[in-house]
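# Observations on the three-dimensional arrangement
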Amino acid sequence: MLKAKRSMIFLLIMMIMLTGCNPQSSQVSNSDQVKFVIGVSQANLLEPWRVIMNEEIKEEALKHTDIRIVFTDAVQNSEKQIRDVGELLEQGIDLLIISPNDSAELTPIVAKAYKKIPVIVLDRAVEGYAYTLYIGPDNKSIGKEAGQYIAELLGNAGGNVVEIQGPAGLPSLRERSAGFREVIGQYDNIRIVDTVVADWQRDKAEDEMEKLLQQYQKIDVVFAHSDYMALGAYKAAKKNGINGIKFVGVDGFAGTNGGLQLVEKGILQGTFTCLTGGREAIQYALDILKHEKGIPKKIISRSNKITLYNVMEYTKAANELKKDNSKKKVVLGFSQLGAESDWRKANSQSIKSAAIDAGIELIFLEADQKQEMQIKAIRSFIAQGVDVIAFSPVVESGWDEVLEEAKMAGIPVLLSDRAIKPDDNSLYATFIGSDFLEEGRRAARWLVGNGMTMPSVNIVQLEGTVGSAPASDRKKGFAEIIVNYPEFQVIYSASGDFTEAGGQEIMKSALAIYGNQIHVVYAHNDDMALGAIKAIEEYGLKPGKDILIVSVDATAAAFKGMMAGKLNCTVECNPLLGPQLMQAVKGLLSGRQLPMRIITSEGVFPAETARQDYLNRRY
Ligand code: AHR
């Protein structure tokens, strides 16, 4: 078997070398003992950021003796990239890493590849979910943070700002610019006097800046979407003997003329790091190929603001990454919000068993859905001097003070399952959990696509805990879709606190008012849906037939409900977060910078296929 594999790999490399069919191909490997071949389809190598992405992929790959990387370069041409992927597939790669030239145009070939092998998508997302893992930055928040920093730089005096962008039309660029403008728009005394396009190129930015300097008497700040372009603009100002303009860039790479060095030299006032994801892609590729547990669906990388004040510290921390502290015995304090649902019980179990598997000492405290108990638990972890704190916040707001205390004590905090607001991401190292907004949308999409033909469809919504992230996002996501279908109306909506008893009670009240005029129940979790089923039966109607029921979680009890014909669809919310959490704890302690968000992989399960799907369920 192994022999066959080796000769296939040999053949693949020979084909690439001999046919010369793809002049943009190259390959990297560390030994002859190759077990896995990874194809990397890069959109182009004209952008310095992508060159660095490939460099990182190479560097990380060279740490492993059992993989070989085959690179292709699509030279900014989607048709070529489709062909590249086709060829890589024909040649038998084990996993594809792709950074698409165009999201829509590359979606079909990515989906085709995903039918055969795992696919990791970098930077530009594809449409839908036909891929294994997506890794990319949050461009809108990079733009916002840059806007905020520039407003601080300008202070009360305000001033004139110029924006230098990469190639027009890129969605990532539009998002970055939108975030920037959203913030700058809040200041009456700051004007964006011009926006120019410099295609990520330093020289072009220099030329554009030359023209701007002729045109405008006073430019106070230049915001360039990359450090290279910021450097070009700086050179133009210098050449014209103009001092006093502040330059802010994005990327924050190390090395000669990288953003970090430019900040250190005072050429840039600041930069916002934008990781390429290349290194992480290889790390996850190996986990995927080795069938490790807990592979997320989406990873949104973190951006750091780098200025003269923290550039040394940041560079030092980045170098520390190379040291391995992972051997030390680790103590993790985990504050679980309660045991309100089957989902929560599965989540607690997953955390406990993953801690054992990872050899992490776990102090696990449950809080009976009470925020004050969680705050007390976090304070006790700080007092005990644990290495890492993780918690699942029962509600979104009210955590700043205790998280500041953890920060002061130098203990990193991880958010598991639920997010916080305001989302001050300097207070936590990463968020690991689901996309609740998307879960709400998925429930609504299933409903509107379910062929109900009445002139008006009356919905009862059973909401989760008031003020919690899943309750507000599932409500918002659901509303976002059904607003386009006026026949679907939520006629009653109240909180059942994610418990079965809560769901039963609200449903009883809803039935008392609306009786058989109710056509659909949308429950924010399965437990409340099961409570509603009881109330509907007590009322004398048939759940799943007289009233359709769609809920969130996809627990075993919901599957049994579907198999009994009482529940119609459940949208998955994966509680098995333990392995990802332990991986993050270990990564953090071995010096890795964690991404801002790690989003779990999830599906939708309708009653029609419940019996079959149930065979593969693990909770
Ligand atoms: O935060 C996740 C939600 O909390 C689950 O969907 C619900 O069942 C739980 O109580």
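Along every chain, residues carry numbers that run from 1 in the direction the sequence is written. Per-residue local features of the predicted model are confined to residues with pLDDT of at least 70, and side-chain atom pairs are confined, for both listing and counting, to 80 or more; whole-chain, interface and lining totals are unaffected and use all residues. Note that water and hydrogens are dropped before the side-chain values are worked out from all heavy atoms of the structure.

Across the junction of Lys421 and Pro422, the peptide omega takes the value -5°, indicating a cis bond. We note that Val75 has phi near 40°; this positive angle belongs to a residue other than glycine. Locating Val75 in the fold gives a position in the loop between β3 (67-73) and α3 (78-90). Exposure is judged per residue with a 1.4 Å probe applied to protein chains only, and the accessible area is read against the type maximum: over 50% gives exposed, under 20% gives buried, and values in between give partly exposed. Taking the relative accessible area as the measure of exposure, Val75 reaches 42% and is therefore partly exposed. We count a stretch as a helix when DSSP gives it H or I for four or more residues in a row; a strand needs E for two or more, and each element gets its number in order from the N terminus.

The next thing to look at is the side chain of Glu56. In this fold, Glu56 is placed in helix α2 (residues 48-61). The contact rule is simple, with two residues in contact once any of their heavy atoms fall within 4.5 Å. Apart from the residues within four sequence positions on either side, Glu56 is in contact with Thr276, Gly277, Gly278 and Arg279.

Near is defined per residue: the residue qualifies when any heavy atom it owns lies within 4 Å of the molecule or strand. All residues adjacent to the ligand are Glu340, Ser341, Trp343, Arg344, Asp417, Arg418, Phe436, Pro470, Arg474, Phe498, Asn525 and Asp553. One of the side-chain N or O atoms of Asn525 is found 2.9 Å from an oxygen atom in the ligand. Pairs of N or O atoms are called polar contacts if they sit within 3.5 Å, as long as, within protein, a hydrogen donor faces a hydrogen acceptor (for residues adjacent in sequence, only side-chain-to-side-chain pairs). Asp553 places a side-chain nitrogen or oxygen 2.6 Å from an oxygen atom of the ligand. Shrake-Rupley sampling with a 1.4 Å probe provides the accessible areas, and residues are treated as covered by the protein chains on show and by no other component. Burial of the ligand by the protein chains amounts to 100% of its free accessible area of 280 Å². Looking at the shell around the ligand, the elements with two or more residues in it are α12 (342-358) and α16 (469-482). Split by residue class, the shell around the ligand holds four nonpolar, two polar and six charged. Residues lining the shell around the ligand come from more than one domain, with at least three contributed by each of domain 3 (331-432 + 576-593) and domain 4 (436-573). Under the scheme applied, nonpolar residues are Ala, Val, Leu, Ile, Met, Phe, Trp, Tyr, Cys and Pro; charged residues are Asp, Glu, Lys and Arg; polar residues are all the others, including Gly. Domain extents, as shown, originate in an automatic or database domain assignment.

Residues Cys569 and Val571 point to one face of strand β23 (residues 569-572) and Thr570 and Glu572 to the other, with burial holding for every one of them. A strand pair is defined by DSSP finding two or more bridges across the two strands. Note: strand β22 (residues 548-553) against β23, four bridges, orientation parallel. Counterpart to Val552 in the pairing with β23 is Val571. Viewed along the sheet, the connection from β22 through helix α19 (residues 556-563) into β23 turns out right-handed. Inspection of the sheet shows β23 paired to strand β25 (residues 604-606) by three bridges, in the antiparallel sense. Looking at β25, one finds that Val571 is bridged to Val604. When the strands point away from the viewer, a crossover counts as right-handed if the route from the first strand across the helix to the second turns clockwise.

On to the sheet that holds strand β8 (residues 190-197). In any sheet, the strands associate via hydrogen bonds between backbone groups, in a parallel or an antiparallel arrangement. In spatial order, the strands read β8-β7-β9-β10-β11-β13; together these six strands make up an open sheet with mixed pairing. Every other strand in the sheet has two partners, leaving β8 and β13 (305-307) as the edge strands with one partner each. With strand direction ignored, the average angle separating the axes of adjacent strands in the sheet is 20°. Sheet topology places strand β7 (residues 159-165) next to β8; seven bridges connect them, and they run parallel. Within β8, the residue paired with Ile164 across the bridge is Val196. For helices, the fitted line uses only the C-alpha atoms of the stretch in contact; every axis is such a line through C-alpha atoms, and the angle between N-to-C directions lies from 0 to 180 degrees.

Our focus in this paragraph is the domain arrangement of the protein. When its domains are assigned, the protein resolves into domain 1 (2-131), domain 2 (139-273), domain 3 (331-432 + 576-593) and domain 4 (436-573). Centre-to-centre, using C-alpha coordinates, domain 2 lies 48 Å away from domain 4.

Attention shifts here to the sheet that holds β25. Spatial ordering of the open sheet is given by β20-β19-β21-β22-β23-β25, a layout of six strands whose pairing is mixed. In this open sheet, the two edge strands, each paired with only one partner strand, are β20 (488-495) and β25. Averaged over all adjacent pairs, the angle separating strand axes in this sheet is 15°, with direction ignored. Contacts from helix α17 (residues 500-514) reach β19 (457-463), β20 and β21 (520-523) within the one sheet, and its direction differs from that of β20 by about 130°.

We now examine the packing of aromatic side chains. Ring geometry is summarised as follows: Phe, Tyr and Trp rings, the Trp one being its six-membered ring, pair when their centres sit within 6.5 Å, and such pairs are stacked at plane angles under 30 degrees, edge-to-face over 60 and tilted between the two. The tally for this structure, following the rule as stated, stands at 10 aromatic pairs. Between Tyr149 and Phe272 the ring centres are 6.0 Å apart and the planes differ by 65°, which places this aromatic pair in the edge-to-face class. With Tyr149 in helix α5 (residues 139-154) and Phe272 in strand β11 (residues 270-273), the pair connects residues that are 123 residues apart, well separated along the chain. Of the two residues examined, Tyr149 and Phe272, each falls in the buried class. Members of the aromatic cluster, joined through ring pairs, are Phe559, Phe605 and Tyr614.

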